[in-house]
Amino acid sequence: MTGAGRFRGERGLDASLMEAMHRTGAAMGGVYLLVPGQAVLRQAVLRGMPDEFVSMWTNIPLSSALPVADAVRDNRLVWVSGQEDMARRYPRVTLVLPYPFSAAAAPLTDGGDRLGGLFLIWAPEHSHHLARRERARIASVCRRMADVIKDAGQPGHPDLVPRRPRVLPGPAPMRPASAADFVENLPGGCCMLDLEGRMTFVDAAGAALLGRDRADLVGVRPWHALPWLDDPVYED
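In this report, we go over the structure that sits alongside the text. All chains use their own residue numbering, which begins from 1 and follows the written sequence. Totals for whole chains, interfaces and linings use every residue, but because this is a predicted model, local features are given only for residues with pLDDT of at least 70 and side-chain atom pairs only at 80 or more, for both listing and counting. Side-chain numbers here rest on the full set of heavy atoms in the structure, without hydrogens or water.

### Some thoughts on the state of the cysteines
Stated formally: By definition, disulfides here are pairs of cysteine sulfur atoms that lie within 2.5 Å.
Across all of its chains, the model carries zero disulfides by this definition. Residue Cys 190 stays outside any disulfide, its sulfur separated by 7.9 Å from that of Cys 191, the closest cysteine.

Structure representation (structure tokens):
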């Protein structure tokens, strides 16, 4: 493929991704392409992504338990309705990105040839259902993306696979979870003390286990807020 052909192909993929995000209201999106001769998907273009996507999932085996890999491998649309659904079906994703969001992944195909996959991510405000019109728009964009890939190289071979993904400017990524957001997703309760022994942080689960409001705990030494701790047994 000539340099001009590759450039046109890249421009076509970029434009199609931006269209998919605009027409569905997705906050993030990306395209993976199947590496020729390998059962590996590689990021080609991303928009609105946090650094975790770029650094951790540049290349993923087609056998991976990830939405886009399932979509390409099984040739079907994959819809993940929210954080609980993601944790149940794709726990690896939840460990890296413990944020509330919904996601869809769809295959890019040319007849019987697998070319890659599109994925889109929505903020928590999105419905837990993927509307029929959104499914239709995703399918339409995927057909155009497949045509771009086919026109750019050999039929059935995605010659647009880059060494590094292109990251497009666009809407700000969804707010990364703070440490407090992350802790709230862990089992059990958590608290943190400063060097003077005062509690500087207590999560909701920790406060519930202690039977006190967080406002009564933060800034106070545990044995002052919880009289039953003022005992040599706990001190030892």
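### Here we look at helix α3 (residues 67-74)
To keep things clear, this is the line we draw: Accessible area is worked out with a 1.4 Å probe on protein chains only. A residue is then buried under 20% of its type maximum, exposed over 50%, and partly exposed in between. For the purposes of this entry, the term helix denotes a DSSP run of H or I that reaches at least four residues, the term strand denotes a run of E that reaches at least two, and both are numbered from the N terminus.
For α3, the tally of buried residues reaches six of eight residues, placing the bulk of the element in the interior. Within two residues after α3, Asn 75 carries a phi angle of roughly 55 degrees, on the positive side.

### As for the packing of aromatic side chains
Defined as follows: For Phe, Tyr and Trp, rings pair up if their centres lie within 6.5 Å, where Trp contributes its six-membered ring, and each pair is then called stacked (planes under 30 degrees apart), edge-to-face (over 60) or tilted (otherwise).
Enumeration according to the criterion identifies two aromatic pairs in this entry. Where Tyr 32 meets Phe 119, the ring centres are 5.9 Å apart and the plane angle is 45 degrees; that geometry is what we call tilted. With Tyr 32 in strand β1 (residues 28-34) and Phe 119 in strand β6 (residues 113-122), the pair connects residues that are 87 residues apart, well separated along the chain. An identical accessibility class is assigned to Tyr 32 and Phe 119; each is buried. Considering the side-chain rings of Trp 79 and Trp 122, the 5.6 Å spacing of their centres and the 70 degrees angle between planes classify their relative orientation as edge-to-face. Residue Trp 79 is located in strand β4 (residues 78-80), and its partner Trp 122 is located in strand β6; the two are separated by 43 residues in the primary sequence. Residue class for Trp 79 comes out buried when judged on its relative accessible area of 13%. Assessed through its relative accessible area of 1%, Trp 122 is described here as buried.

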